Amino acid sequence: MDVEDRLAAMGLMLPAPPAPVGSYRAGLVRGACGALSGQFPIRDGKPAMTGLLGRELSVEQGQEAARLAGLNMLAQLKHLLGTFQRLTGLIRMDGLVASVPDFEQHAAVLDGASDLLAAVLGERGAHTRSVAGVASLPMRMPIEIVVTFALT
Amino acid sequence: MDVEDRLAAMGLMLPAPPAPVGSYRAGLVRGACGALSGQFPIRDGKPAMTGLLGRELSVEQGQEAARLAGLNMLAQLKHLLGTFQRLTGLIRMDGLVASVPDFEQHAAVLDGASDLLAAVLGERGAHTRSVAGVASLPMRMPIEIVVTFALT
Amino acid sequence: MDVEDRLAAMGLMLPAPPAPVGSYRAGLVRGACGALSGQFPIRDGKPAMTGLLGRELSVEQGQEAARLAGLNMLAQLKHLLGTFQRLTGLIRMDGLVASVPDFEQHAAVLDGASDLLAAVLGERGAHTRSVAGVASLPMRMPIEIVVTFALT
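Before going into details, it helps to say that this report is about the structure given with it. (Residues numbered from 1 in each chain as written. Chains lettered and ligands numbered in written order. Predicted model: local features only at pLDDT ≥ 70, side-chain atom pairs only at ≥ 80, totals over all residues.)

1. Notes on the relation of the copies chain A and chain B
Part 1: Of the transformation placing chain A onto chain B, the axial shift is 0.0 Å and the rotation is 120°, giving an RMSD of 0.0 Å. In short, the pair behaves as if placed about a three-fold rotation axis. (Least-squares fit on C-alpha atoms with pLDDT ≥ 70 in both.)

Structure (structure tokens):
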């Protein structure tokens, strides 16, 4: 099964990749190195969720937001590469969680994205991860994931 | 026109690259991968602006700070590589914006740096971008940009 | 002297590398690029320090936390590569400092990690650095360092 078949089996499909909202590229390849701009829980061009983890949003809602950001990330990757077959594998994910100062469950929230990538990309979806609880993200969205990858 | 001619046409010139303020390198190359330390709106060795976006600083002031950080980044790159001709192109910019919790215009602020890089480096200045609203940056500066690049 | 001899001369030894707390890898190599997940001041599987810089923790305590995160980073690198001999060198360190909004001494805190890496890895420990003051980190820990590296 390929990536989109696996998504379909989970009841998901790749959305249209969200357009950049500034003077940058959604994705870029230089030699064997690839990077994607920060991906957000955007659906149909609008934030699907807003607010802070630990105040407006529960851990479960944060996981859903992270999963949606992950789905957008996959859409960007497909759009950039044309096919997932060129992907050697993900390298690093930086996860930003807009949250109240005493929030502690960043890792559980980000697993919403990491679990999706493992499910559809297998070993190529493996990645290292960093996490930060930040004061704010654009348009008051709760989650951002930033991914680099290797390709052939 | 080369990079410094383009800067001159915009009324700008490369400053002296700010020195690191700790036990790290301003820039580094390992094989085909290059990285620069976080660059700030520093002028003549001192913060040119301090304060938070959404409190002490307007979006326009933030853009000016980002532009200055971008100019310092170009100075670091020239200092590191000797010539911009070795640069294949930028890869990723992580933009940190010190801001109040309800700030939403991070992207507009960071365009101050991204627009400068596009104007002087052309396609080689293209980059992906991430953004975070953070609680604080060193010396109360409002902006930090962190750039990786590919080189030959 | 090799890396572990140098550590021993400083009265330190590599701990067991902390296990990931989510759906990600502690470290990963893809071609010539390597990355490590964010490392924390964890000792014996538990946070060795909690709290914010500028409130519960002094700069000196932050440096000690950064040093411990750096020691865990070295343990992850050894575990991932088998031997430090495969390491060409570190590239980039992103340092996150959980701190009160008016904290200004991020750089001094992160030197706790950078100084350790320089002492035990020499030129291969040289790295660029970014820094952010963030609202929160997992399990209320004060420091996270995120490192990429090149290898042969």
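2. Thoughts on the nonpolar core
Part 1: With 141 residues, the main nonpolar core has A:Val134, B:Val134 and C:Val134 as its most contacted residues.
Part 2: Other than its neighbours up to four places away in sequence, A:Val134 contacts A:Leu96, A:Val97, A:Ala98, B:Ala132, B:Gly133, B:Val134, C:Val134 and C:Ala135. (Core = buried A, V, L, I, M, F, W, Y, C linked by C-beta atoms within 7 Å. Buried ≥ 20, exposed ≤ 12 C-beta atoms within 10 Å, placed from the backbone. Contact = placed C-beta atoms within 7 Å.)

3. So, helix α3 (residues 106-121) of chain B
All names here are of chain B.
Part 1: Taking 1.5 Å per residue as the helical rise, α3 with its 16 residues ought to reach 22 Å, and the 23 Å between its terminal C-alpha atoms agrees with that figure.
Part 2: Most of α3 sits inside the fold, with 12 of its 16 residues counted as buried.
Part 3: Along its buried surface, α3 packs onto α1 (3-9), α2 (59-81), β5 (87-98), β6 (128-134) and β7 (143-151).
Part 4: Just downstream of α3 lies Gly-122, where phi reads positive at about 60°. (Helix = DSSP H or I, 4+ residues; strand = E, 2+ residues; numbered from the N terminus. Expected span 1.5 Å × (residues − 1).)

4. A short note on the interface of chain C and chain A
Part 1: Listed per partner, the contact involves 27 residues of chain C and 28 residues of chain A.
Part 2: Elements with a contribution of two residues or more to the side of chain C that touches chain A: β1 (27-30), β2 (33-36), β5 (87-98), β6 (128-134) and β7 (143-151) of chain C.
Part 3: Split into classes, the residues belonging to the side of chain C that touches chain A amount to 14 nonpolar, eight polar and five charged. (Nonpolar A, V, L, I, M, F, W, Y, C, P; charged D, E, K, R; others polar.)

5. Brief notes about the environment of B:Gly38
Part 1: With respect to the secondary-structure elements, B:Gly38 resides in the loop between β2 (33-36) and β3 (42-43).
Part 2: The buried category is assigned to B:Gly38, around which 29 C-beta atoms lie within 10 Å.
Part 3: Separated by 40 residues in sequence, B:Gly38 and B:Lys78 have C-alpha atoms that sit 15 Å apart.
Part 4: When residues no more than four places from it in sequence are discounted, the contact partners of B:Gly38 are B:Glu144, B:Ile145, B:Val146, C:Arg129, C:Ser130 and C:Val131.

6. Observations regarding the sheet that holds strand β7 (residues 143-151) of chain A
All names here are of chain A.
Part 1: The sheet built from five strands is open, its strands ordered β1-β2-β7-β5-β6 with mixed pairing. With one partner strand each, in any of the chains shown, β1 (27-30) and β6 (128-134) form the two edges of the open sheet. If you compare each strand with its neighbour and ignore which way they point, the axes differ by 15° on average.
Part 2: Two elements, strand β2 (residues 33-36) and β7, share three bridges in a ladder whose sense is antiparallel. Within the sheet, the bridge partner assigned to Ala-35 lies in β7 and is Thr-148.
Part 3: Taken strand by strand, helix α2 (residues 59-81) contacts β1, β2, β5 (87-98) and β7, and its axis lies near 35° from that of β7.
Part 4: Packing against the sheet, helix α3 (residues 106-121) makes contact with β5, β6 and β7, and its axis sits at approximately 140° to β6. (Pairing = 2+ DSSP bridges. Axes fitted to C-alpha atoms, helices over the stretch in contact; angles between N-to-C directions.)

7. Comments concerning the interface of chain A and chain B
Part 1: Taken together, the contacts link 27 residues of chain A with 28 residues of chain B.
Part 2: If you list the elements that add at least two residues to the side of chain A that touches chain B, you get β1, β2, β5, β6 and β7 of chain A.
Part 3: Classifying every residue of the side of chain A that touches chain B by side-chain character gives 14 nonpolar, eight polar and five charged.

8. Describing the pairing of β7(B)
All names here are of chain B.
Part 1: With respect to burial, β7 is a largely interior element, seven of its nine residues being buried.
Part 2: Two strands pair when backbone bridges link them, and β5 and β7 are joined in this way by nine bridges, in the antiparallel orientation. The residue bridging Val-97 from the neighbouring strand is Ile-143, located in β7.

9. Focus: the sheet that holds β6(B)
All names here are of chain B.
Part 1: The five strands are arranged β1-β2-β7-β5-β6 in an open sheet whose pairing can be described as mixed. A strand with exactly one partner marks an edge of an open sheet, and here the two such strands are β1 (27-30) and β6. Recorded for the sheet is a direction-independent mean angle of 15° between the axes of neighbouring strands.
Part 2: In this structure, β5 lies alongside β6, joined through seven bridges in parallel fashion. Bridging from a neighbouring strand, Asp-94 pairs with Ser-130 of β6.
Part 3: Here α2 sits on the sheet and contacts β1, β2, β5 and β7; the angle it forms with β7, its principal contact strand, is near 35°.

10. Structural notes on the relation of the copies chain C and chain A
Part 1: Aligned on chain A, chain C shows an RMSD of 0.0 Å; the corresponding rotation is 120° and the shift along the axis is 0.0 Å.
Part 2: Different-surface contact between copies: only 11% of interface residues of chain C are shared with the interface of chain A.

11. Structural notes on unusual backbone geometry
Residues and elements named next belong to chain C.
Part 1: Positive phi is not limited to glycine here, since Asp-44 has a value of about 50°.
Part 2: Inspection of the secondary structure puts Asp-44 in the loop between β3 (42-43) and β4 (46-47).
Part 3: Here Asp-44 falls in the exposed class, since 8 other C-beta atoms lie within 10 Å of it.
Part 4: Even without being a glycine, Met-139 presents a positive backbone phi close to 55°.
Part 5: Note that Met-139 resides in the loop between β6 and β7.

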